[in-house]
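Fold and geometry: a report
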Protein chains: 2
Amino acid sequence: MEISARKKKILAAVVDEYIRTAEPVGSKTIAETAGLGCSSATIRNELAELTALGYLEQPHTSAGRVPSPKGYRFYVNELMERQKLSVEETEAINARLNEKMEQLDRLMTDAGKLAGQLTGYPALTLSAPRAAAVKRFDLLYVDANTFIIVALLSNNTVKNKLVHLPFSVEQGQIQKLSALFNAGFTGLTEEEITPVLISATERAARDTMGLTSIIAAFTIETLSRSREGAAYVTGESSLLQQPEFRDPDKAHRVISYLSDSEHLLRLPSGGGQGDVRVIIGPENLAEELRDSSVVMASYDAGEGQRGLIGVVGPLRMDYSAVAAKLQYIAEGLSRLLGGGEAPAGFGKMILKGDVKSDEPDE
Amino acid sequence: MEISARKKKILAAVVDEYIRTAEPVGSKTIAETAGLGCSSATIRNELAELTALGYLEQPHTSAGRVPSPKGYRFYVNELMERQKLSVEETEAINARLNEKMEQLDRLMTDAGKLAGQLTGYPALTLSAPRAAAVKRFDLLYVDANTFIIVALLSNNTVKNKLVHLPFSVEQGQIQKLSALFNAGFTGLTEEEITPVLISATERAARDTMGLTSIIAAFTIETLSRSREGAAYVTGESSLLQQPEFRDPDKAHRVISYLSDSEHLLRLPSGGGQGDVRVIIGPENLAEELRDSSVVMASYDAGEGQRGLIGVVGPLRMDYSAVAAKLQYIAEGLSRLLGGGEAPAGFGKMILKGDVKSDEPDE
DNA sequence: CTTTAGCACTCGGAAGACGAGAGTGCCAGC
DNA sequence: GCTGGCACTCTCGTCTTCCGAGTGCTAAAG
């Protein structure tokens, strides 16, 4: 059934007002603020119908109306006006992003913090899982008991490991192994590195000291790690400032759920497509998030990878403001990280590098 | 003034009972449980004196007694019996630590999670800040537009960075720079890398493309990062389950304070010396932690570095159990990481390596 | 001098009573 | 179909009352 234009206006007014005040909104308020030329009694009739249709809910008989998840969904899909950021806001975001360019390696987590601060909600950042292969090996001989493994992955991150040996090796042996690994292991994904291959390499290297298996183990672990994706949350505690999370138990449930990166990585699967995804309450696959909403924006992380940046908050989230901010941040990140044309100076160049070889754990 | 043996027993009983129940404890309870052969009236007299001396507090005139910070301090220093872990507990910890050996790089944060789970409080891990120098440079030529910087630091961690260039370089140029940096920059700390040195190197390398400054900037940033130390917190939300943090605002203050690693790094300065440090409420330098307690154990992280692992909780913390658990975990970490004799097999060797080159951000 | 029993007193917290206020549903009239 | 009016409902804050735990004090006993 189609909803009349007036009903839409009223629904939008209820959602806007409720987002602002966190209080159930009554007919009188709407009659005064929404600027429709009709009285509160008329609004009441409309409200009753919207309630019957499932877009609104009543906490109790004589309270105002509160949007239902269905109401929020309708609001997000059709009513919400795409909020424009003010010039000050965009400038502030740009300034922060540019400032962060100085600290390249922390860009992702810092972008999360930025999102959290701007929106006032806990922020999460996800990097899409992706099967990687090793593009190139280097073994650096340090001294007779020490060498470094450096691996350049197909997603252009660099991983390394310092290995101390309880016995001595010669530089030549290290170089030989380096060549053999470059010849035999590059371009392979985790599954393709078989025990057969490893033992063949071991024989070819005349390696009787287990070096081959150390390097292979490092490779396998590195590849499996890169395939898991990475996820972090910042600002969890800001959830406590939301009226709907004043109940410590409720807040604890959500926060501890978010603290497990396993959970986070499964989160996006619940979302729709598009540049900004909104997951409203019960739409969440996870039981623990059934009365929270998640808004995520996707950005181009370069090298064909995409990342997600988002926030978690109560159903009563300021969807339009949050979506606008996240989208702007995501665009900024895409610009900084993505595969477009290089900006002037070293910015782009440096940003594609990475001081760290690996992502932080959560 | 010296406190009588009976007063000590009574004080210990109050603290133990209050830790257990989180309720003010009355004279009757103590008379029944503490097993001193005297009546509640006698206890009352003693309690009144202990209160006058500042070891106990009364929430209001006709409530039981609650330990004051001074009382906790006395308890921790003199009364608390060093709790022994049960065999099951030590075995569980050992199992977890050994299991974690498989995932070497996450050992520190995982140890924090272990501590958090065992104690039920938010856990923090700190690695002591320490000025590092670069022990060795390697520049790996990947292709005409790309090279990798690998730096082995004096604390035996490896850092790296992938650099994309908007112009071409030759392999020889990269090799020359590598040699120059090894000659000129190894052994220097952050302060010793001066603009003069950098421009001298730039001239020596006949570098007109700014490569030198890129490498120098990476070096300086890496060293400054390693000097900052690292800090992470896990399980913040478990604080919400403590009765004294049911107030979301109070919990929020503490958690958001803990979320800033700057703050965490300054934390230990408030503590005493010894293998397990206890900082009780107002003893904390930080205003935000004035009604929280911090217990930290120190461990040998190898290479002359020490790390800290600890938990944050309410004043009413189960100090003896927490201290015992933390100490046991710290001992386990020292065993795994520290400079003792190598255990059988590859365990030690691998553990001293590091899949990641850098510490996670918080 | 210390310990004990007894007792009046105090105070916080739970439970109930009550009024105010906000908001609804419905109806009759325009 | 809209509007004003009105009775009704339900929550919330406040106030009162009541109960009990625990105290401090005193006087007697050891």
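This report concerns the structure included in the present document.

Rules used in this analysis
Residues numbered from 1 in each chain as written. Chains lettered and ligands numbered in written order. Predicted model: local features only at pLDDT ≥ 70, side-chain atom pairs only at ≥ 80, totals over all residues. Heavy atoms only, no water. Buried < 20%, exposed > 50% of the residue type's maximum accessible area, 1.4 Å probe, protein only. Helix = DSSP H or I, 4+ residues; strand = E, 2+ residues; numbered from the N terminus. Pairing = 2+ DSSP bridges. Near = heavy atom within 4 Å. Polar contact = N/O pair within 3.5 Å; in protein donor to acceptor, adjacent residues only side chain to side chain. Nonpolar A, V, L, I, M, F, W, Y, C, P; charged D, E, K, R; others polar. Axes fitted to C-alpha atoms, helices over the stretch in contact; angles between N-to-C directions. Contact = heavy atoms within 4.5 Å.

1. Quick notes on the pairing of strand 4 (residues 134–143) of chain A
Most of strand 4 of chain A is tucked away, with seven of its 10 residues classed as buried. Adjacent in sequence and paired antiparallel, strand 4 of chain A and strand 5 (residues 146–153) of chain A are bridged by two residues.

2. Observations regarding the protein's contact with DNA strand C
Taken together, the neighbourhood of DNA strand C is formed by 21 residues, with A:Ser27, B:Ser39, B:Thr42, B:His60 and B:Thr61 sitting nearest. Near-protein atoms of DNA strand C (within 4 Å) split between backbone and bases, with sugar and phosphate holding 74%. In this structure, a base nitrogen belonging to DNA strand C sits 3.2 Å away from a side-chain N or O atom of A:Arg44. Between a phosphate oxygen of DNA strand C and a side-chain N or O atom of A:Arg65, the distance comes to 3.1 Å. It is helix 3 (residues 40–52) of chain B that contributes the most residues to the surface near DNA strand C, four residues altogether. Class assignment of the residues belonging to the surface near DNA strand C gives a composition of four nonpolar, 13 polar and four charged.

3. Looking at the sheet that holds strand 5 of chain A
The pairing of strands in a sheet comes from backbone hydrogen bonds and takes either a parallel or an antiparallel form. Residue and element names in this part refer to chain A. Strand order in the open sheet formed by three strands is 4-5-6, and the pairing between neighbours is antiparallel. Because the sheet does not close on itself, it has two edges, and the strands there are strand 4 and strand 6 (158–164). Taken pair by pair, the neighbouring strands of this sheet meet at an average axis angle of 15°, ignoring direction. Across eight bridges, the pairing between strand 4 and strand 5 is antiparallel. Among the inter-strand pairings, Asp 138 is bridged to a residue of strand 5, identified as Val 150. Lying on the sheet, helix 7 (residues 171–185) is in contact with strand 4 and strand 5; it crosses strand 4 at an angle near 175°.

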